[in-house]
Structures are given as structure tokens and as C-alpha cells.
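Examining the three-dimensional arrangement
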Amino acid sequence: MKNYAEEFKDDIKAFQTATDQFYAGEMTVAQYKGISGGFGSYAQRGGKYGMLRLRLSGGRIPKDRLGFITECIEKYGIARIHFTTCQTIQFHDLKPDTICDLVTDAWRHGIITRGGGGDYPRNVMASPLSGTRPGESFDVMPYAEAAADYLLGFIHTVKLPRKLKVCFSNDPHDMPHATFRDLGFVAKDNGTFDVYSAGGLGNNPKMGVCVGQDVKPEQILFYIKAMVDTFTAYGNYEQRGRARTRYMQDTLGTEGYAKAYQEKLAAAMRQEDITLFVNREEITKTGKGTVSHPRAVKQKQPGLYAVSYHPVGGCPPPEKLKEIYDAILPMEDVELRLAPNEGLYIIHCTAEEAEKLINLTKDSAATAFEASVACIGNHICQVGVRDSQALLKACVDAVRPLGFADGVLPKIHISGCPSSCSAHQIGAIGFRGAVKQTPEGPKAAYAMFAGGCETLGKEQFGTDVCVMAEEDIPKFFVELGQRITQDHSTYDSWILTHRDEMLEIAGKYA
């Protein structure tokens, strides 16, 4: 990898100056956001503290990086961290003088925060179990890391209209949502990729346009270059609310967009040779014995397992990462992979190692419902409308005493605002922060979505079905869980023939 820390070191001076000015009251929130976002940092609500988003390509955290992260937690007394849906870690509640020190420390350790926010190529995502999952098409992680390295090179050379998200998927689970990102690569069993472009969530969500089939892995950088060139040529630089790749489908038409992209692809292939060659690392470690546990995922490597850990809301106790680091330090080849659902996997574990890590992470979500996804919420986020973390906690607290079987309630997605940071539009049930007008006056509320699906080949966005007062949402899930339990069923099965009844229950609280 190119030494981007060296290339970007002078940028830190400008960031430090802006940070000092903002927290001294000499710069507005909007002015600071326009600068700090480019370094993966934003001021939190209230303007007294800030956050920092690490750039972790593919969500991969080898031991040395985990060790550095735990050192930072201890050194700077970080009391709040968050696993994001873009496979990164965010440090929260940072004091102003800590933020720039953390950026510098991270860069020295090879973790670049540049472009972690703002109008830049964002963290490149990948299926977290890539290279380990039985039946996967092939390991996409090396290509995700190479793509991330390539995209960093555009930060000083190209001004994008807004952020650009790229991801790689290795199997039908499609956790990174490759078919509806700005640019997504879907691995195929024949060793090639299908490529999707100009998709995305948020306001006016769109599925991606297929712009390449049976693309050889060594050609992926050409497709990335074409995406950048298409976005800069046709992206909306005037209206920020429409400055995302998906709006090019509106201005150019789907067929017109595909044609424009192909023209840029042909030009990229003529201009330079950026053919990619990667080394695929093969894990030779094997294990003995078996482990049977809901959070133990059998790998394709004989005798090895991945252990799932999903703290409720994606907010683990910071000290938990140190406990995990200390535990895996003597374990051969074991590393962490952040998942796009605010959890992580600890991979390449023998049965004995897996058992130890399962016991260590007993605070993990115990059901699909407890493993629901919620953005950081308006108590932290400047643009958030509602406290999504508080709502998720209230829902979990309401249903836990009832002991519903796993699957009775689905994994839900809660976004505090229309930005869809939790991907609420692809959840079986999703919520988006809103306001509900009542005879007593406006109340904190959420718009409820139902029927979304992220599975490859079955992708669909949920529909907006009602607006529900925040205080009533836990009650809705209690009643829904009790009804499904009566039928000795799970939500995924029950909803196929009881959608009207689900909407009737929701209607009581809408």
C-alpha cells in the first residue's frame, strides 16, 4: 500500500486549525463539518465533543490494529464506541484536543481517516466472512483492500459531488448490499464479478444498474475509475440533496446512465493500464473438535469456526475490545471482521478457541431481534431527528422478559432520520425518525416500513405503512411477538400469510 499517511500529513495542520477554531466558537457547525468530515470527524450534538471514524477496509481488523485500537481506548479514556453499518469503528465523546492526536496516531499506525466522511470515496466494504464461508464464490477481501488503496488516490485529485460507496459481495447473503450501492461487485461461481452502479438508500432509494457481467477480477480498477469519471461528469454539483450517484438514473434515465458509464469505462481502458494483480492468502490452519452454539459459524477450513459478537445497538463496552484482544493474541491467524449489521465476527478459531470467545462475549445479542440495527441517534448526531439507540433499548427491554423464541420477532432497522444509516428500507421491519401530530400536540414518532429484503436476487425496499408514536413501538412488538408465539411460528414464516394481520396490529398504535 502507498504511504498515504505521509501524503496526507500536511492536511492535518488545516484540520487542527479548524478544530481549534470551532471549539473556540470561531466557526459554525456547517463550516466545521465541511472541513472535519473529510477527516472522518464530526462535532457531536451540542458542539462540546466530537467523534472520529476509522477507515477499516472490508471491516478487517488484524491483531495489530486491534491492539492499537485498544491502546487508544485506554490512552484517551474513550468511553463510547460504535460499530457502523459501513464496517468501521467510531470513537465518540472525544475532547477537542484528543481528536487531532487520535487522527495522527491512527495514521502512523496505517489507519487512514482521510475521506472517512465528507465528499470522498468512503470505507470500502466486503462480506465479513469472505474467505471463510462454505459455498462462497471466492474470497473478495483482497480485491476490496486493493480497491480501497486505489480510491484513496482520488482524494487530492478529484472533487466528487458527494460521497462514493464501493463494496464487494462473496455470496447470496450480500451483507454489504452490492446490488444497491454506488458501486457494487458481486462475485460469481465462475470466478468473475457482476457489477452494479448508481444504487443507494436514503431519500428516493434505487436499486443499482447492472453495468458489467462476467468481469474479470483484474479489471475492477477500470470499473472504479469509470464510476468516478461518470459521477464527476454527470453528478449534481449544484443541489446537495441530489448529489448522489442514484440521482443520475433520474437525470439520464436508466439506459442513458448505463450508456454514459460504458463510455467512461471504454475511455478508462484506453487511458492507462490499471490491471490489478493480488495475492490471495490461504489459511493453512485447521482444528479438531466441534462446537455447537448459535453464534458459532462453521468455516470452510476444516475444524475452524467464526464467532459472532453483536452488542445491542452496535455499542460494546470499550473494555470488551481489550478483553477480546488479550484472548486472541496467542491464537494463530485469528482476527476480527466488522459486519455491516453493527456486529463482528472473530474468524479462524478452533473449537476450543471458539468456546473461549463465546464465553467471553456473553453480552452479545441472543436473538435476531436483539441483533437489530440502530444508527447512533440524535443524542450524538447533529442531523438526527430521533434517538434510535434509546428506542432499540426500550424495545429489547420490553420483549426480553417475555422470553420469545429466536425468530419470533425479526431483526429490525432503526434510523434516526431519512439518511438511512441503519438501512431501514431493507429491513423486514424498519423505522425512520419522524413527528406524529396528535390531539395533545406533536409527539416523537417513527415512520414504519415493512417488507424489505437484502438477499441477493430477492432485493426489495420496504414500503412506508404508518407513523407510530415512539412510546408505542415497544408495545407493538410485545403484541406482535405474543400473536406469532400463539401460532408457534417465526416472523419470516408467519408474515407470508398474515401481512394484513400485522398491519392491523400496527394500526392500533398508528
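Refer to the structure presented above.
What this report covers is the structure whose coordinates are included nearby. (Residues numbered from 1 in each chain as written. Predicted model: local features only at pLDDT ≥ 70, side-chain atom pairs only at ≥ 80, totals over all residues. Heavy atoms only, no water.)

Topic: the packing of helix α3 (residues 63-75) against helix α9 (residues 318-328)
- Closest axis-to-axis distance for the α3/α9 pair is 9 Å, and the angle between their directions is 140°. As for how α3 packs across α9, the hand of that crossing is left-handed. Facing α3, whose interface residues are Lys63, Leu66, Gly67, Ile69, Thr70, Ile73 and Glu74, α9 presents Pro318, Leu321, Lys322, Ile324, Tyr325 and Ile328.
- When grouped by side-chain class, the residues that make up the contact of α3 with α9 number eight nonpolar, two polar and three charged. (Axes fitted to C-alpha atoms, helices over the stretch in contact; angles between N-to-C directions. Helix = DSSP H or I, 4+ residues; strand = E, 2+ residues; numbered from the N terminus. Left-handed = near helix turned anticlockwise from the far one by under 90°. Contact = heavy atoms within 4.5 Å. Nonpolar A, V, L, I, M, F, W, Y, C, P; charged D, E, K, R; others polar.)

A closer look at the sheet that holds strand β2 (residues 50-53)
- Reading across from one edge, β1-β2-β5-β4 is the order of the four strands in this open sheet, with antiparallel pairing throughout. Of all strands in the sheet, those with a lone pairing partner are β1 (41-43) and β4 (80-83), marking the two edges. Strand after strand, the sheet turns through a mean of 20° between neighbouring axes, direction not considered.
- The pairing of β4 with strand β5 (residues 89-94) spans four bridges and is antiparallel. Opposite His82, over in β5, you have Gln90 as the bridge partner. (Pairing = 2+ DSSP bridges.)

Some words on the pairing of strand β13 (residues 335-338)
- Burial along β13 is two-sided: the face carrying Glu335 and Arg337 and the face carrying Leu336 and Leu338 are both buried.
- Pairing of strand β3 (residues 60-61) with β13, which is carried by two bridges, proceeds in the antiparallel orientation. Across the sheet, the residue bridging to Ile61 is Leu336, located in β13.
- Across four bridges, β13 lies against strand β14 (residues 344-349) in antiparallel orientation. (Buried < 20%, exposed > 50% of the residue type's maximum accessible area, 1.4 Å probe, protein only.)

What about the packing of aromatic side chains?
- Evaluation of the coordinates by the stated rule reveals 19 aromatic pairs.
- For the ring pair Phe168 and Phe185, a centre distance of 4.6 Å and an interplane angle of 10° mean the geometry is stacked. Taken as a pair, Phe168 in strand β7 (residues 166-169) and Phe185 in strand β8 (residues 183-187) lie far apart in primary sequence, 17 residues in all. The pair Phe168 / Phe185 is uniform in exposure class, with both members buried.
- When the ring of Phe180 is compared with that of Phe461, the centres are 5.7 Å apart and the planes differ by 90°; the resulting orientation is edge-to-face. With a gap of 281 residues between them, Phe180 in the loop between β7 and β8 and Phe461 in the loop between β18 (441-450) and β19 (463-469) connect regions that are remote in the sequence.
- On the basis of relative accessibility, which here comes to 2%, the residue Phe180 falls in the buried class.
- On the accessibility criterion, Phe461 (21% relative accessible area) is partly exposed.
- The ring centre of Phe39 lies 4.4 Å from the NZ or CZ of Arg114, which sits over that ring. (Phe/Tyr/Trp six-rings, centres within 6.5 Å; stacked < 30°, edge-to-face > 60°. Lys NZ or Arg CZ within 6 Å of the ring centre and 35° of its normal.)

Regarding the pairing of strand β16 (residues 412-415)
- Neither face of β16 is exposed, since Ile412 and Ile414 on one face and His413 and Ser415 on the opposite face are all buried.
- Here strand β15 (residues 373-374) pairs with β16 via two bridges, running parallel. Residue pairing in the sheet places Ala374 in a bridge with Ile414 of β16.
- At this point the chain moves from β15, through helix α11 (residues 388-399), to the parallel β16, and the crossover so formed is left-handed.
- As judged from the four bridges shared by β16 and strand β17 (residues 429-438), these two strands associate in the parallel manner. Paired with Ile414 across the two strands is Phe431, which belongs to β17. (Right-handed = clockwise from strand over helix to strand, strands pointing away.)

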